[in-house]
Amino acid sequence: MASKRYWLMKTEPDTFSFDDLIACPDRTDGWDGIRNYQARNFMRDEFKKGDQVFIYHSNTDLPSIVGIAEVVREAYPDNTALDPKEKYYDPKSAAKGESRWVQVDVKAKKRLKKPMSLKEIREIPQLSTMALVKKGMRLSIQPVSKDEWSELIKLGSPSPL
DNA sequence: GCCAACGTTGGC
DNA sequence: GCCAACGTTGGC
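First things first, this report covers the structure right here in the doc. It should be emphasised that the depicted structure is a prediction, and the values quoted were computed from it without experimental measurement.

## What to know about the environment of Lys134
So, point 1. Relative to the assigned elements, Lys134 resides in the loop between α4 (118-123) and β6 (141-144).
So, point 2. The class of Lys134 is partly exposed, set by a relative accessible area of 43%.
So, point 3. Between the C-alpha atoms of Lys134 and Arg122, which are 12 residues apart in sequence, the distance is 9.3 Å.
So, point 4. Not counting residues up to four positions away in its chain, the partners in contact with Lys134 are Ser128 and Thr129.
So, point 5. At 3.1 Å, the side chain of Lys134 forms a polar contact with the backbone oxygen of Thr129.

Here is the structure:
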């Protein structure tokens, strides 16, 4: 079995926060609405059950990694793309009758006792390799290396929910 | 609210 | 296949 991998997923807390995920049944929800090929391909091709995910709040006063979730279901079609009433409706998918987008299910696991803000992350040399701190990096789903993960765990002190 | 960086679309 | 126009992301 391939070793566990680590990821970072962005979300806008005004739309869907880490607390919203915790409030879901079994603390689990489908991570839908991803409309970027690179991000989709990570989910479709590389996300495996058991992978660990940092949840990052973007577009907010203090952009930060706030929690940890686990992949509990691997990629399946994101059919919000087919529904004109949905925010992430995709006419091209609808025209084909088949969504070109996928989602995975993630389950909230831990909260960082000390959320790690983007500002702090930038200041830590060991984390300078993270895609998150690279100029112009807007990718909403990014791989995290084992070393980066360990460093963030050390600093963020996650505790079980 | 601004705007730089990036991704997608569509005419040619 | 090129690339200009347009839309989105997301920090500040």
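Now, onward.
## Things to note about the nonpolar core
So, point 1. Ranked by internal contacts, the top residues of the largest apolar core, which has 21 residues, are Met9, Met43, Phe47 and Ile141.
So, point 2. Elements with a contribution of two residues or more to this core: β1 (6-11), α1 (18-23), α2 (37-46), β3 (52-57), β4 (64-77) and β5 (102-117).
So, point 3. One finds Tyr6, Met116, Met130 and Leu152 within the second-largest nonpolar core, a separate group that totals 18 residues.

## A closer look at the protein's contact with DNA strand C
So, point 1. By nearness alone, every residue bordering DNA strand C is listed as Lys10, Tyr56, Ser58, Asn59, Pro63, Leu118, Arg122 and Arg138.
So, point 2. Looking at DNA strand C alone, sugar and phosphate atoms form 62% of those within 4 Å of the protein.
So, point 3. Measuring from a phosphate oxygen of DNA strand C, one finds a backbone N or O atom of Asn59 at 3.0 Å.
So, point 4. In the environment of DNA strand C, a phosphate oxygen lies 2.5 Å from a nitrogen or oxygen atom belonging to the backbone of Arg138.

## Description of unusual backbone geometry
So, point 1. Unusually for a residue other than glycine, Asp26 sits at a positive phi of about 60°.
So, point 2. Assignment of secondary structure puts Asp26 in the loop between α1 and β2 (28-30).
So, point 3. Here Asp26 falls in the exposed class, since its relative accessible area comes to 57%.
So, point 4. In this structure, Asn59 is a non-glycine residue whose phi angle is positive, near 55°.
So, point 5. Residue placement: Asn59 occurs in the loop between β3 and β4.
So, point 6. Taking relative accessible area as the criterion, Asn59 reaches 61% and is therefore assigned exposed.

Calculation notes
Residues numbered from 1 in each chain as written. Chains lettered and ligands numbered in written order. Predicted model: local features only at pLDDT ≥ 70, side-chain atom pairs only at ≥ 80, totals over all residues. Heavy atoms only, no water. Helix = DSSP H or I, 4+ residues; strand = E, 2+ residues; numbered from the N terminus. Buried < 20%, exposed > 50% of the residue type's maximum accessible area, 1.4 Å probe, protein only. Contact = heavy atoms within 4.5 Å. Polar contact = N/O pair within 3.5 Å; in protein donor to acceptor, adjacent residues only side chain to side chain. Core = buried A, V, L, I, M, F, W, Y, C linked by side-chain atoms within 4.5 Å. Near = heavy atom within 4 Å.

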